[in-house]
Amino acid sequence: MEEFRNIKPCIVKYYEIPLDNINNISNITSKAYLLKTLQSETFFIKKTTYNALEKYHYLYNQGTNNILYPILNKKNNYVTRNANSSIYISNYYNDITIKKDAKLNNLIKNIDTLHQMTSFKKQLDPLSSRPKFEEITRRLDFQFRILEDYIRKVELDDLKEYSMGILSNYQYILNAKSELIKLQKRIISTVKSKESINFSFIHNNPKLEHLINVKGYNYLCSIENGKIGLSSLDFAKLYVENEMVNIDFKSIIKDILIKENNHFEYDYFRYLVLFIYIMRIKLTNNDHINSAIIVNVSESIKKYFENFSDE
């Protein structure tokens, strides 16, 4: 609890919780704590990023009402900064337990609401976009070269137990490569035409545990990783993490991301999903583990094509 001792003075000074009123303190993670007072109040305390303060104020000033805002400190700020760290304090809520598919639908609705409430039009800029795409392309090229070299090695070796899983599924990785090339051409064409696209505040870590139900209302929490960007990123991360949940991803994603027959956000979502899958393939010195990795990623790629291939 050494870390907590460092932030105790902030709690006393800025939130007026006397030390002699603290009944119990427990770790949730290395950066988060539960504090219980003698009056049976429970608070959630989290060490956060330095610029989280500006993010909470930005969302509040935008009128974003589905965010679980921290308690205001004595300076009327959502985040307290000191020389060593930044923290915020919230009331602690026990989230209700509901089926995963229902909670995922609620999360998607709230992420979409966050985007809509902070949305603004911005012209795509080829100059600022180019370095990012060059970096993504460089990483993909390097990854595909590693995979191609490994496949050649497996092909040249005697057929082993693990070989069939690798060789029979490599076609799906090649399909993903072709799809990435096609999508990148479309995306670059749109960027070069300097079209106006919706930008918004994206959560950037849209996990199921970051949706909390308080007295029948759903709120997003843990927004400190958020930033201004394209909504495609939130939905790509959300889809990849929850692809096995039985909801109609195909219709939901299309309804949200295809706007006025403009497919840019939808294409960028698809590009990001495949990028995440390909970069997930971390080859090891164990061929049996590599086979399992390639089979699992190939299954994800097959599911992607079932949901999102061009019709």
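A quick note: this is a predicted structure, and the numbers were derived from the prediction, not measured. (Residues numbered from 1 in each chain as written. Predicted model: local features only at pLDDT ≥ 70, side-chain atom pairs only at ≥ 80, totals over all residues. Heavy atoms only, no water.)

Chemist: Can you help me understand the layout of surface pockets in this one?
Modeler: To find leftover empty space, a probe the size of one water molecule is rolled over the atoms. Counted as a void, the largest pocket has a volume near 660 Å³. Lining the largest pocket are 28 residues; nearest its centre among them are Phe44, Lys46, Tyr88, Cys221 and Ser222. Those elements that provide at least two residues to the lining of the largest pocket are strand E3 (42–48) and strand E5 (86–91). In terms of residue count, E3 provides more of the lining of the largest pocket than any other element does, 4 residues in total. (1 Å grid on protein atoms, 1.4 Å probe; cavity = no way out; pocket = protein on both sides within 12 Å on 5 of 7 lines; lining within 4 Å. Points joined across faces, edges and corners; volume = space filled by probe spheres on them. Helix = DSSP H or I, 4+ residues; strand = E, 2+ residues; numbered from the N terminus.)

Chemist: Is there a simple way to think about unusual backbone geometry in this case?
Modeler: Apart from glycine, the bulk of residues carry a negative phi angle, and the bulk of peptide bonds sit in the trans form. Backbone geometry at Lys194 places phi at a positive 55°, although glycine is not the residue there. Relative to the assigned elements, Lys194 resides in the loop between helix H5 (163–192) and strand E7 (196–202). For Lys215, which is not a glycine, the phi torsion comes out positive at approximately 55°. Mapped onto the elements, Lys215 comes out in the loop between strand E8 (211–214) and strand E9 (217–220).

Chemist: Just to check I follow, could you spell out the sheet that holds strand E6 (residues 120–123) for this structure?
Modeler: Within a beta sheet, neighbouring strands are joined by backbone hydrogen bonds and run either parallel or antiparallel to one another. Spatially, 3 strands are ordered E6-E7-E10 in an open sheet, and the strand pairing comes out antiparallel. Strands at the two margins of the open sheet, each flanked by one partner only, are E6 and strand E10 (227–229). Recorded for the sheet is a direction-independent mean angle of 40° between the axes of neighbouring strands. Relative to E7, E6 runs antiparallel, the two being bridged by 4 bridges. Note on E7: the bridge partner recorded for Gln123 is Ser196. (Pairing = 2+ DSSP bridges. Axes fitted to C-alpha atoms, helices over the stretch in contact; angles between N-to-C directions.)

Chemist: Would you explain helix H3 (residues 100–117) in this entry?
Modeler: Since one α-helical turn is 3.6 residues long, residues separated by three or four positions face the same way. For H3, built from 18 residues, the straight-helix expectation of 26 Å at 1.5 Å per residue is met to within 8% by its first-to-last C-alpha distance of 25 Å. Residues of H3 that are buried: Lys103, Leu104, Leu107, Ile108, Asn110, Ile111, Asp112, Leu114 and His115. Buried positions along H3 lie against helix H2 (52–61), E7, E8, E9, helix H6 (231–242) and helix H7 (249–257). (Expected span 1.5 Å × (residues − 1). Buried < 20%, exposed > 50% of the residue type's maximum accessible area, 1.4 Å probe, protein only. Contact = heavy atoms within 4.5 Å.)

Chemist: Even after reading the chapter, I still don't get the pairing of strand E1 (residues 22–27), so can you show me in this structure?
Modeler: With 5 bridges joining them, E1 and strand E2 (residues 32–37) adopt antiparallel strand pairing. By the bridge assignment, Asn27 is partnered in E2 with Tyr33. In textbook terms, the turn of a hairpin is the stretch between consecutive antiparallel strands, and for E1 and E2 this stretch comprises 4 residues.

Chemist: Is there a simple way to explain the sheet that holds E2 in this structure?
Modeler: As summarised here, the arrangement of the 5 strands in space is E1-E2-E3-E5-E4, forming an open sheet in which the pairing is antiparallel. Here the strands that pair on one side only, and so sit at the sheet edges, are E1 and strand E4 (80–81). Of the strand pairs in this sheet, E4 and E5 are connected by 2 bridges, and their pairing is antiparallel. Directly across from Arg81, in E5, lies its bridge partner Ser86.

Chemist: What is the right way to look at the pattern of salt bridges in this model?
Modeler: Once the charged atoms of two side chains with opposite charge are near each other, the side chains can pair. This model, assessed by the stated rule, comprises 20 salt bridges. A salt bridge links Glu54 to Arg81; the nearest nitrogen and oxygen atoms lie 2.5 Å apart. One end of the pair, Glu54, is in helix H2; the other, Arg81, is in strand E4, with 27 residues separating them in the sequence. Residue classification places Arg81 among the partly exposed positions, given a relative accessible area of 25%. A salt bridge links Asp157 to Lys153, with the shortest nitrogen-to-oxygen separation between them at 3.8 Å. Each of Glu179, Lys182, Arg186, Asp267, Arg270 and Asp310 takes part in a single network of salt bridges with overlapping partners. (Salt bridge = Lys/Arg side-chain N within 4 Å of Asp/Glu carboxyl O.)

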